[in-house]
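Observations on chain architecture
Below are the chains, spelled out letter by letter.
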Amino acid sequence: TITINRMQEFGGKIETVGKKVSVASATSAAALGASVKLASDYTDAVAKVGTVADLQSVSLEKLRDDMLQLSTETGRGAGEIADATYQAISASVDTADAVSFVGTSVGLAKAGFLETADAVDLLTTIINAYGLEASDAGRLSDILIQTQNDGKTTVNELSQSMGQVIPLASAYGVNIENLAASYAQLTKNGVATAQPSAAASPDTFPRKKRERPDCTY
């Protein structure tokens, strides 16, 4: 009887170990499958970048390596970095500057509580509207973060409102520093971030311009 009990006990232990091995194998298989998918997604994203990049100035291989390095440095997914790079180049950022520009955008996204894609969109909107360069991205990020610090808003909220106002503000001579300061002041005084877009309606700027032709706001 003792022998039989010991055999049953031993068999139970083997069964338990077997179950643990099965669970571990399933977990490993799932992790491997996820890794393969991520690699595949990144390959697709890199190929997408190649459709808009100036490959005469920067090779696709270097872009791929630089994007991977930025992913490692920032902790953002390689696919996210590649998608943002595609977005930046599509918005007229030079290929040679694109990965660095995305790095600045990631920093803005982290500090301003928004997605990398939204940070790229906001920065490129400002750059294109004011005729600036990709090298101005760092300065613009500082302005936006300062607006967040000075007002009762976030860069995430600003991105949803400023995009509608910036082209109009630029057309009527309102520089980005003064526009950002206006957002900080208005939100600090209790006006919702979305409201300045209504205050800066097409009717408002022309009226101010007529009243003060020399006004640069």
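Residues numbered from 1 in each chain as written. Predicted model: local features only at pLDDT ≥ 70, side-chain atom pairs only at ≥ 80, totals over all residues. Heavy atoms only, no water.

1. Some remarks on the pattern of salt bridges
The full count for this structure, using the stated rule, is 5 salt bridges. Here Asp66 and Lys62 are joined by a salt bridge, their closest N and O atoms 3.1 Å apart. With Asp66 and Lys62 both in helix H2 (residues 60–74) and 4 residues apart, the pair spans about one turn of that helix. What makes Lys62 partly exposed here is its relative accessible area of 45%. In this structure, Arg76 and Glu80 form a salt bridge, with 3.1 Å as the shortest nitrogen-oxygen distance. Residue Arg76 is classed as buried on the basis of its relative accessible area of 18%. A relative accessible area of 29% places Glu80 in the partly exposed class. If you follow the salt bridges from partner to partner, you end up with Asp136, Arg139 and Glu177 in one network. (Salt bridge = Lys/Arg side-chain N within 4 Å of Asp/Glu carboxyl O. Helix = DSSP H or I, 4+ residues; strand = E, 2+ residues; numbered from the N terminus. Buried < 20%, exposed > 50% of the residue type's maximum accessible area, 1.4 Å probe, protein only.)

2. Quick look at a negative patch on the surface
Residues Asp54, Asp94, Asp97 and Glu133 make up a contiguous surface patch of negative charge. Considering the arrangement of structural elements, one finds Asp97 in helix H4 (residues 95–112). (Patch = residues over 30% accessible without salt bridge, like charges linked within 9 Å, V, L, I, M, F, W, Y side chains within 5 Å. Areas by Shrake-Rupley, 256 points an atom, 1.4 Å probe, with all protein chains shown as cover. Lys, Arg positive; Asp, Glu negative; His and termini not counted. Charge placed at Lys NZ, Arg CZ, Asp CG, Glu CD.)

3. Topic: the confidence of the model for the protein chain
Low pLDDT marks regions whose predicted coordinates should not be analysed in detail. Residues at a pLDDT of 70 or more form 72% of the protein chain, whose mean pLDDT is 84. Here residues 206–217 scores under 50 on pLDDT; set against residues more than four positions off or in separate chains, the count is 14 contacts. (pLDDT = per-residue confidence, 0-100. Contact = heavy atoms within 4.5 Å.)

4. What to know about the packing of helix H6 (residues 137–150) against helix H8 (residues 176–188)
The geometry of H6 relative to H8 is characterised by a closest axis approach of 8 Å and an angle of 15 degrees between their N-to-C directions. Classified by the interaxial angle, the pair formed by H6 and H8 is roughly parallel. Like other packed secondary-structure pairs, H6 and H8 cross with a definite hand, here right-handed. Packed against H6, whose contacting residues are Arg139, Leu140, Ile143, Thr147 and Asp150, the element H8 presents Ile176, Glu177, Ala180, Tyr183, Ala184 and Lys188 at the interface. Residues belonging to the contact of H6 with H8 are distributed by class as follows: 6 nonpolar, 1 polar and 4 charged. (Axes fitted to C-alpha atoms, helices over the stretch in contact; angles between N-to-C directions. Parallel < 35°, antiparallel > 145°, perpendicular 65-115°, else oblique. Left-handed = near helix turned anticlockwise from the far one by under 90°. Nonpolar A, V, L, I, M, F, W, Y, C, P; charged D, E, K, R; others polar.)

5. Focus: the packing of H2 against helix H3 (residues 78–90)
In contact at an axis separation of 9 Å, H2 and H3 are set at 125 degrees when each is read in the N-to-C sense. Taken together, H2 and H3 sit at an angle that is classed as oblique. Considering only the axes of H2 and H3, their crossing is right-handed. Judged by residue contacts, Met67, Leu68, Leu70, Ser71 and Thr74 of H2 engage Ala78, Ile81, Ala82 and Thr85 from H3. Looking at side-chain class alone, the contact of H2 with H3 contains 6 nonpolar, 3 polar and no charged residues.

6. Observations concerning H4
Between its first and last C-alpha, H4 extends 25 Å over 18 residues, near the 26 Å set by a 1.5 Å rise per residue. Of the surrounding secondary structure, the elements contacted by the buried residues of H4 are H2, H3, helix H5 (116–130), H6 and helix H7 (155–171). Residue Phe113 follows H4 closely and has a positive phi angle near 60 degrees. (Expected span 1.5 Å × (residues − 1).)

7. What to know about the environment of Ile89
Structurally, Ile89 can be placed in helix H3. Residue Ile89 is classed as buried on the basis of its relative accessible area, which comes to 9%. Residues Ile89 and Asp54 lie 35 residues apart in sequence; the distance between their C-alpha atoms is 9.0 Å. Leave out the neighbours within four places in its chain, and Ile89 touches Val49, Val52, Ala53, Thr95 and Ala98.

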